[in-house]
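Observations on the three-dimensional arrangement
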Amino acid sequence: MSLLAVNGVSKAFGSLQVLRDVSLEVQPGQRHVIIGPNGAGKTTVFKCITGLLPADSGSIAIDGTDVTGMPAHSRVSLGLACTFQKTNLFSELTVEENLHLAVTARKPYRFRIWKPLSWYEDLQRDTRELLQEWDLWSRRRHRVDELSYGEQRILEIVLALASKPRILLLDEPTSGMSPAETARTTSLIQEMPRSVALLVIEHDMDVVFSIADYITVLHHGEVFLSGPPEEVRGDERVREIYFGGGARPHA
Ligand SMILES: Nc1ncnc2c1ncn2[C@@H]1O[C@H](COP(=O)(O)OP(=O)(O)OP(=O)(O)O)[C@@H](O)[C@H]1O
């Protein structure tokens, strides 16, 4: 069974039809990348999946559970996590404090004043492991607003991983990054455990073909093509969408 199934989702903003009958599936452990020109509807698909926007029609299921009418927080409890293009961090707190909050959010007893001592030990251990694993240990005492934009976006991905999601949605994880930060983010994504499936919106084709094992091409709000990377890379019509009008995918 698919971990995520989007079935025939449509969405309009007033008279602007942004999504038309969009269907896609994400399998456990898959690295599924959505590409398409600006305005194709990629972020809107993400918002419908997370529950930030209601779909006008169609359905969405996480691991077989129909979540179409469910609020966003219920989808999170089914294992969905998401980062969007705008960072969503506590900028006056340190890297470590931000991670503490994210790790706390998934722990039992989090609303209890009196917690077992082991609770604090687990919190410290989980935070330390994430900091070390994702190469943020030396930055742990830095306030978030002292980090570069790229580092902030990397931290946000790590925070999303702290909730131990089964499926993680990343909206343009490398946009606005320096080449070095893009390379670091690409290897971070490549090194993520296969216990997490990824659905990624990405414009940088080098990143797309470094991480994807399945690609969906959106164009004018419709699924234009989906398949393995070799199939998409060789498809003349996809080149035409990107390069036909002289428009290039922005990196
Ligand atoms: N809340 C909104 N109200 C009205 N129109 C919107 C809204 N959100 C998005 N749109 C429009 O819907 C279309 C699709 O937007 P969306 O952000 O999903 O595209 P995208 O493929 O993610 O583009 P990009 O690659 O530029 O991020 C665009 O024409 C956009 O202007």
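Residues numbered from 1 in each chain as written. Predicted model: local features only at pLDDT ≥ 70, side-chain atom pairs only at ≥ 80, totals over all residues.

- Under an unreviewed UniProt entry, the protein chain has the name ABC transporter ATP-binding protein and belongs to Rubrobacter taiwanensis.

1. Let's talk about the pairing of strand 1 (residues 4-13)
- Where strand 1 meets strand 2 (residues 16-26), seven bridges bridge the pair, whose relative direction is antiparallel. Looking at strand 2, one finds that Phe 13 is bridged to Leu 16.
- Between strand 1 and strand 2, which pair antiparallel and follow one another directly, the connecting turn spans two residues, one of which, Gly 14, has a positive phi of 60 degrees.
- Pairing geometry for strand 1 and strand 4 (residues 57-62), over five bridges, is antiparallel. What sits directly across from Leu 4, in strand 4, is Ile 62. (Pairing = 2+ DSSP bridges. Helix = DSSP H or I, 4+ residues; strand = E, 2+ residues; numbered from the N terminus.)

2. Describing the nonpolar core
- Formed by 59 residues in total, the largest nonpolar core has its most connected members in Leu 4, Val 33, Ile 49, Ile 167, Leu 199 and Ile 215.
- No other element matches the seven residues that helix 5 (residues 149-162) contributes to this core.
- Both of domain 1 (1-79 + 165-251) and domain 2 (95-163) provide at least three residues apiece to this core.
- Those residues in contact with Ile 215 that sit more than four places away from it in its chain are Val 33, Ile 35, Val 208, Ser 226, Gly 227, Pro 229 and Val 232. (Core = buried A, V, L, I, M, F, W, Y, C linked by C-beta atoms within 7 Å. Buried ≥ 20, exposed ≤ 12 C-beta atoms within 10 Å, placed from the backbone. Domains from an automatic or database assignment. Contact = placed C-beta atoms within 7 Å.)

3. Notes on the site of the ligand
- Taken together, Phe 13, Leu 16, Val 18, Gly 36, Asn 38, Gly 39, Ala 40, Gly 41, Lys 42, Thr 43 and Thr 44 are the residues near the ligand.
- Of all the secondary structure elements, the ones that give two or more residues to the shell around the ligand are strand 2 and helix 1 (42-50).
- A total of three residues in the shell around the ligand trace back to one element, the largest contributor, which is helix 1. (Near = placed C-beta within 6 Å.)

4. Some words on the pairing of strand 10 (residues 222-227)
- Pairing geometry for strand 9 (residues 214-219) and strand 10, over five bridges, is antiparallel. In the sheet register, His 219 faces strand 10, and the bridge partner there is Glu 222.
- Hairpin connection of strand 9 to strand 10: two residues between the antiparallel strands, including His 220 at a positive phi of 50 degrees.

5. Here we look at the packing of helix 3 (residues 95-105) against helix 5
- In contact at an axis separation of 8 Å, helix 3 and helix 5 are set at 25 degrees when each is read in the N-to-C sense. Taken together, the axis directions place helix 3 and helix 5 in an arrangement best described as roughly parallel. Classified by chirality, the crossing of helix 5 by helix 3 is right-handed. From helix 3, Val 95, Asn 98, Leu 99, Ala 102 and Val 103 reach across to helix 5, where they touch Leu 155, Leu 159 and Ala 162.
- Grouping the amino acids of the contact of helix 3 with helix 5 by side-chain chemistry returns seven nonpolar, one polar and no charged. (Axes fitted to C-alpha atoms, helices over the stretch in contact; angles between N-to-C directions. Parallel < 35°, antiparallel > 145°, perpendicular 65-115°, else oblique. Left-handed = near helix turned anticlockwise from the far one by under 90°. Nonpolar A, V, L, I, M, F, W, Y, C, P; charged D, E, K, R; others polar.)

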